[in-house]
Amino acid sequence: MKNKKEHSHKSVNKITTSISIIFLILGIFIITTSLNITLKTNKEVLNYQKDADINYKVYLNQDISNNSYLEQDQTYNTNLIDDIVTTFNYNFVANKKFDFNYLYQVKALLTIYNSQNQEIGKKEYVIVPEVKKALTNSNGYQINEVFAINYPKYMDDMKNLMANSEYNDYTGILTLNLNTNINGQYKESNENINEDGQISMTIPIREGTIEITKDLSYSNDESIRGDETSTISNNITIIIGSILLVISIIILAIEGKKAYSLNIKQKKYYQEINNLLKKYNKIMVKAEKLPAISNKRVIEIANITDLIELEKELETGILVYEKVKTNETWFIIIHQNEAWIYIKRL
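Attention in this report is confined to the structure presented alongside it.

The next thing to look at is the pattern of salt bridges. In this structure the tally under the stated criterion is 12 salt bridges. The salt bridge partner of D157 is K123, with a shortest N-O separation of 3.7 Å. Here K123 lies in strand β5 (residues 119–150) and D157 lies in helix α2 (residues 151–161), a separation of 34 residues in the sequence. For D157, a relative accessible area of 12% puts it in the buried group. Residues participating in the shared-partner salt-bridge network are K123, K153 and D157.

In structure tokens, the structure reads:
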């Protein structure tokens, strides 16, 4: 029943979007056929939004209170840190479509300071090599990069850099930067778009306790102004066309917001699945086909934790199968005549 509702909802969305596009075309047609007086105005021709987020989990070299990792925005004991699994998200969204190229790269810089806070050494790393892409008739792009920072490695690098130096008292700062650039042209007003973006995360490298900080200051709304010309003659048809345009824009904005929300939900869904596969890679295996369970007694488990505890008891491994059509991922344990299933839904 749930799948039928989802299909019905998608059909309604397609009909609504089709109607709004028809209104948009009619509105544009009515307005353009009524124009004959030329007006030139300087106005906002393109608005765009840059927003970003950084998420991370600190995985430990030993469990604390039965937890193998700590959530973000805490104080951490560096002797317990193993990997810092980090996700960099960056979105560029414009209110109109245009042709553009974009690129991005993630780098890390280890800077070492003495006790007087003077720089005495540094080393640069490429975490994500430069990515370049070209898009046509698009209103933006998204970056989602997940990577692990092995804390002991950077601690060792710092000690190796200082091994032959005169300094005994020093600390390090590891700065992770995602740098991105978009370059294109909005042809309707012949305006160029060239925008840089950057988000960063700072990790102290030292013995003792640390706090990790994030800088998302590049997230903002901006616009481009340019000259647009238009002509007006028949006010009545202009009004009718404008009403149709407004209706279509409102509908498309609503549908766009829904699509954006769904995209965020999908990203979170797949990130959670990938995190589970990575964390439990010794017991979880992706399956290309759904295992045969029709002849088994099927038991649906309420949460993944219970399924993992069951696997520890049975030591059978967990099969992971993605049902794309129904937006579900099945985690399955098969033992003798029984099949235990936990279903992760979008």
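Here we come to the layout of surface pockets. Considered as a void within the structure, the second largest pocket measures approximately 1,300 Å³ in volume. Around the second largest pocket sit 43 residues that line it, and K57, Y59, Y69, N275 and K279 are the ones nearest its centre. Mapped onto the lining of the second largest pocket, the elements with two or more residues apiece are β1 (39–64), β2 (67–70), β4 (81–114), β5, α3 (235–279), α4 (304–314) and β15 (338–345). Among the elements that take part in the lining of the second largest pocket, α3 stands out by supplying 10 residues, more than any other. Looking at the lining of the second largest pocket residue by residue, the classes come out as 15 nonpolar, 13 polar and 15 charged.

Although it is not a glycine, N117 sits at a positive phi angle of roughly 65°. Inspection of the secondary structure assignment puts N117 in the loop between β4 and β5. You can call N117 exposed: its relative accessible area is 58%. For N137, which is not glycine, the phi dihedral falls at a positive 50°.

Ranked by internal contacts, the top residues of the largest apolar core, which has 49 residues, are I84, F88, F98, L174, I203 and I205. At the level of elements, β1, β4, β5, α2, β6 (170–186) and β7 (191–205) are the ones that each hand at least two residues to this core. Here this core takes 14 residues from β4, the largest share from any one element. Setting aside its immediate chain neighbours within four residues, I205 contacts L110, Y151, Y154, M155, M158, T171, G172, I173 and L174. Core analysis: the second largest hydrophobic core is formed by 18 residues, I273, L276, I301 and I304 among them.

Another aspect to go through is α4. Within α4, the full set of buried residues consists of I304, L307, I308, L310 and E311. Within α4, the buried residues cover an arc of 160° as seen down the axis, which keeps them to one side. Facing away from the buried side of α4 by more than 90 degrees, the exposed set consists of K312 and E313. The N-cap of α4, judged by a side-chain oxygen 3.2 Å from the amide nitrogen of T305 a few residues on, is N303. In the stretch just after α4, E315 is the one whose phi turns positive, near 55°.

Calculation criteria
- Residues numbered from 1 in each chain as written.
- Predicted model: local features only at pLDDT ≥ 70, side-chain atom pairs only at ≥ 80, totals over all residues.
- Heavy atoms only, no water.
- Salt bridge = Lys/Arg side-chain N within 4 Å of Asp/Glu carboxyl O.
- Helix = DSSP H or I, 4+ residues; strand = E, 2+ residues; numbered from the N terminus.
- Buried < 20%, exposed > 50% of the residue type's maximum accessible area, 1.4 Å probe, protein only.
- 1 Å grid on protein atoms, 1.4 Å probe; cavity = no way out; pocket = protein on both sides within 12 Å on 5 of 7 lines; lining within 4 Å.
- Points joined across faces, edges and corners; volume = space filled by probe spheres on them.
- Nonpolar A, V, L, I, M, F, W, Y, C, P; charged D, E, K, R; others polar.
- Core = buried A, V, L, I, M, F, W, Y, C linked by side-chain atoms within 4.5 Å.
- Contact = heavy atoms within 4.5 Å.
- Arc of directions from axis to C-beta.
- Polar contact = N/O pair within 3.5 Å; in protein donor to acceptor, adjacent residues only side chain to side chain.

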